[in-house]
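# Reading the structure
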Amino acid sequence: MKMKRTLYLKFLAAYILFGILSVITIATLTSRMTLKHLTKVQAGSLYREAQLVASSYALRIYSNDESGAEAAKSQLKAIDTYISANIWVINNSSKVLFDSRGQHDDGGSAYADFDPSATGTYYMTGDFYGAFNEEMLSVFAPITSNYKVTGYVVIHQSLKTIVNSRNAILNISYIALGIFMLLSLIILVVFTFAVYWPLNRITKAAEEYANGNLTYQLKTNGSHDEMGYLSDTLNYMAHRIARSEDNQRKFIANVSHDFRSPLTSIRGYLEAMIDGTIPPEMHEKYLVIVKNETERLTKLTSGLLELNTLDKGGLVLEISNFDINAVIRRTAETFGGICKEKKISIELILSGKTLFVHADMSKIQQVLYNLLDNAIKFSHNNSIIKIETTEKNDKVFVSVKDSGIGIPKDSLKQVFDRFYKTDLSRGKDKKGTGLGLSIVKEIVQAHNENINVISTEGVGTEFIFTLPKQKN
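Anyway, here's the lowdown on the structure attached to this text. Keep in mind the model is a prediction, meaning the values are calculated, not measured.

## Side note on the sheet that holds strand β10 (residues 395–402)
- With mixed pairing, the five strands of this open sheet are ordered in space as β7-β9-β10-β12-β11. Unpaired on one side and paired on the other, β7 (345–349) and β11 (451–456) mark the two borders of the sheet. On average, adjacent strands in this sheet sit at an angle of 15 degrees to one another, irrespective of strand direction.
- Sheet analysis places β10 next to strand β12 (residues 460–468), joined by eight bridges and oriented antiparallel. Of the residues in β12, the one forming a bridge with S399 is I464.
- Sheet strands in contact with helix α10 (residues 361–377) are β7, β9 (384–392), β10 and β12, and its direction is about 175 degrees off that of β12.

What follows is the structure, given as structure tokens:
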């Protein structure tokens, strides 16, 4: 939880830091870049005016024609008014011959430091060598006569206008930044309610599950996004883990029960034979019982080992094409003795003389053996067990159906669970391990096929599983 809070605080700190850095960037770097750009644009505009003045009016001021010079000065004053900029005409001696505003004309002012060739550009900013009390943009263009530079036209414009334009642009930038931060804040609020709080609840649930509280129920908001899916997945995971632990407890209890019963029986008979409770002439009878109990333990151990192999993904299938009908016939023949003893008939309803499938023959034979053994175990005397094969599309359906005691409705979903035995089965047969149907399901699923059970208590049970048909 602390980690999550720290992460959220970091996110908030990053949001605030982003806002501060954005303001600083606009106030410094963006401000300078904008002022420089606007200055360059305005300088270019004034430079074109200066060139026009130099080529059209400035030379008249140099002429001896007083009327022409006066007319030129009048034109320059008019241009001054139009562009709101002070226009100077400076000779090669850096003396001001004309000032459109009459402050520095008639050669009364000289600026010896003025050297356009040394600046490397056509404009400069500042007070123009002390001529002004404020920052100015000064643009200069040469006056040429007979291919010689005779002076310069210098146009001065206050930087206040450019600075005001820069400030207007910055204000727009600040407003845009404010809107952007407000929208980001909305996104942050949405993130808090849509991501952070659900993630917080999920983290809390994960901690509860890690501490062993698998009954903790993670509340979801019913959303169908990734958070809702993650919440549902965690709830499902906790349910499966809880069920797994419950199954593990049942597994241990069942193993203990199924091992304890035959061991107790074996020990009891052996002690009775040793202390003479069972007379020697009856030893053979009880030794047969002891032998049967050891076989039961062997069968139980083998089933456990096989299931352990299946759990670890160690089941290696030897896939081939084989006749499922022939395998069914052979499997049915192995139960001839017990069927004769219980007067049970096995009826085969097979599709065609041969029916080839694509599977592991030995494993499928084991499936058939377990299903048929289960059917015989729960069938009444003088009853019929039907084994049927049918084809549908690219699948073969195999059915093993008995008319025995059936399975209670509330037990149908558990028949494939390990060690699960209904009360009826415990009363009917004490030799079962409760692993046969679990092994059947594991083998069928290893083939990527399905097995289902249909049963009515007191009527009978039918197991149906599928196999892929032979591939051409």
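Still more to cover.
## Some words on the sheet that holds strand β5 (residues 148–158)
- Overall, antiparallel pairing links the five strands, which are arranged β2-β1-β5-β4-β3 in an open sheet. Two strands in the sheet have a free side with no partner beyond their single neighbour: β2 (96–99) and β3 (123–126). Strand-to-strand twist in this sheet, taken as the mean axis angle between neighbours without regard to direction, amounts to 25 degrees.
- Across three bridges, strand β1 (residues 86–91) lies against β2 in antiparallel orientation. Paired with I90 across the strands is V96, a residue of β2.
- Contacts from helix α3 (residues 66–83) reach β1, β2 and β5, with the element oriented near 140 degrees to β1.
- Its contacts with the sheet place helix α5 (residues 159–210) against β3, β4 (136–145) and β5, and it is angled at close to 50 degrees to β5.

## Quick notes on the pattern of salt bridges
- Taken as a whole and judged by the stated rule, the model has five salt bridges.
- With its nearest N and O atoms 3.0 Å apart, the salt bridge here joins R101 to D80. One end of the pair, R101, is in the loop between β2 and α4 (116–119); the other, D80, is in helix α3, and 21 residues separate them in sequence.
- By relative accessible area, R101 is classed as partly exposed at 45%.

## Section: the nonpolar core
- Grouped together as the largest cluster of nonpolar side chains are 37 residues, with contacts concentrated most on I324, I364, L368, L371 and F465.
- Where this core is concerned, the elements lending two or more residues are α8 (324–333), β8 (356–360), α10, β9, β10, α12 (436–446), β11 and β12.
- Examining the composition of this core, we find that seven residues originate from one element, α10, more than from any other.
- Apart from the residues within four sequence positions on either side, F465 is in contact with I364, V367, L368, L371, V396, F397, V398, V444, N450 and I451.
- Ranked by size, the runner-up nonpolar core spans 25 residues in total, among them A58, L76, I83 and I87.

## Here's the deal with unusual backbone geometry
- Notably, N146 is not glycine yet its phi reads approximately 55 degrees, a positive angle.
- As for its position among the elements, N146 is in the loop between β4 and β5.
- Accessibility expressed as a relative area gives 67% for N146, which makes it exposed.
- Phi is positive for N393, which is not a glycine, with a value near 55 degrees.
- Note on placement: N393 falls in the loop between β9 and β10.

## Describing the packing of α8 against α10
- At a closest axis distance of 10 Å, the pairing of α8 and α10 adopts a crossing angle of 45 degrees. Relative to α10, α8 is oriented oblique. Two packed elements cross with a definite hand, and for α8 against α10 that hand is right-handed. Only M361, I364, Q365, L368, Y369 and L372 of α10 make contact with α8, whose side of the interface consists of I324, V327, I328, R330, T331 and A332.

So, how was this worked out
Along every chain, residues carry numbers that run from 1 in the direction the sequence is written. Owing to the predicted nature of the model, reporting of local features is limited to residues with pLDDT of at least 70; listing and counting of side-chain atom pairs is limited to 80 or more, with chain, interface and lining totals taken over all residues. No hydrogens and no water enter the side-chain calculation; it runs on all heavy atoms of the structure. DSSP bridges decide pairing: two strands pair if at least two such bridges lie between them. A run of H or I in DSSP counts as a helix once it spans at least four residues, and a run of E counts as a strand once it spans at least two, with each numbered from the N terminus. What counts as an axis is a line fitted to C-alpha atoms, over the stretch in contact for a helix, and the angles between N-to-C directions run from 0 to 180 degrees. Contacts are residue-level and defined by heavy atoms, with any inter-residue pair within 4.5 Å sufficient. Each salt bridge in this description consists of a side-chain nitrogen of Lys or Arg and a carboxyl oxygen of Asp or Glu lying within 4 Å of one another. Exposed residues in this analysis have more than 50% of their type's maximum accessible area, buried residues have under 20%, and partly exposed residues fall in between, with area computed by a 1.4 Å probe over protein chains only. Residues enter a nonpolar core if they are buried and are Ala, Val, Leu, Ile, Met, Phe, Trp, Tyr or Cys, with the set joined through side-chain atoms within 4.5 Å. The cut-offs work like this: below 35 degrees is roughly parallel, past 145 is roughly antiparallel, 65 to 115 is roughly perpendicular, and the gaps in between are oblique. In this scheme the crossing of two helices becomes right-handed for a clockwise turn of the near helix relative to the far one and left-handed for an anticlockwise turn of less than a right angle.

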